[in-house]
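A closer look at the structure
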Amino acid sequence: MKVIGYGLGTLGPGLGIGIACYGCCVGSARQPEIAGRLFTNFIIGAALAEALALIGFVVAMIS
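On a predicted model such as this, the values are computed, not experimentally measured, just so you know.

With that out of the way, let us pick up the overall build of the protein chain. A tally of helices and strands in the protein chain yields three helices and zero strands. Ordering the α and β elements of the protein chain from the N terminus gives α-α-α. Along the first, second and third principal axes, the C-alpha atoms of the protein chain reach 50 × 15 × 10 Å. For the protein chain, with 63 residues in total, the buried portion stands at 13%. For the protein chain, the exposed area adds up to about 4,700 Å²; of that, 77% sits on carbon and sulfur atoms.

Moving on: the packing of aromatic side chains. Within the structure shown, the criterion is met by one aromatic pair. Both rings, one in Phe39 and one in Phe42, keep their centres 6.2 Å apart while their planes meet at 40°; by these two values the pair is tilted. With Phe39 and Phe42 both in helix H3 (residues 35–62), this residue pair falls three residues apart, about one helical turn.

The end-to-end C-alpha separation of H3 is 40 Å, in line with the 40 Å expected for 28 residues at 1.5 Å each. Phe42, Ala46, Ala49, Ala53 and Ala60 are the residues of H3 that are buried.

Over its 20 residues, helix H2 (residues 11–30) runs 29 Å from end to end, which matches the ideal 28 Å to within 8%, given 1.5 Å per residue. Against the buried residues of H2 lie helix H1 (2–9) and H3.

A covalent bond between the sulfur atoms of two cysteines is what we call a disulfide. Under the defined criterion, the tally for this structure stands at zero disulfides. Cys24 takes part in no disulfide bond, and the closest cysteine sulfur to it belongs to Cys25, at a distance of 5.8 Å. Look at Cys24 and you get buried, because its relative accessible area is 12%. With no disulfide of its own, Cys25 has Cys21 as its nearest cysteine by sulfur position, at a separation of 4.2 Å. On the basis of relative accessibility, which here comes to 49%, the residue Cys25 falls in the partly exposed class.

Analysis parameters
Residues numbered from 1 in each chain as written. Predicted model: local features only at pLDDT ≥ 70, side-chain atom pairs only at ≥ 80, totals over all residues. Heavy atoms only, no water. Helix = DSSP H or I, 4+ residues; strand = E, 2+ residues; numbered from the N terminus. Buried < 20%, exposed > 50% of the residue type's maximum accessible area, 1.4 Å probe, protein only. Areas by Shrake-Rupley, 256 points an atom, 1.4 Å probe, with all protein chains shown as cover. Phe/Tyr/Trp six-rings, centres within 6.5 Å; stacked < 30°, edge-to-face > 60°. Expected span 1.5 Å × (residues − 1). Contact = heavy atoms within 4.5 Å. Disulfide = S-S within 2.5 Å.

This is the structure:
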């Protein structure tokens, strides 16, 4: 049951990273001169989304 719960818990961070990557790619294509700033913001957002997945993993292992 824990595995199923953790699997469902990773849907949010996975979708979040996917949407953020899409936004970064579209923004870079539209305005290449700010691609560096967009990529930096993307990395920060991806790290925060991954933190949610790690918290879900820890909670699944503790309980």
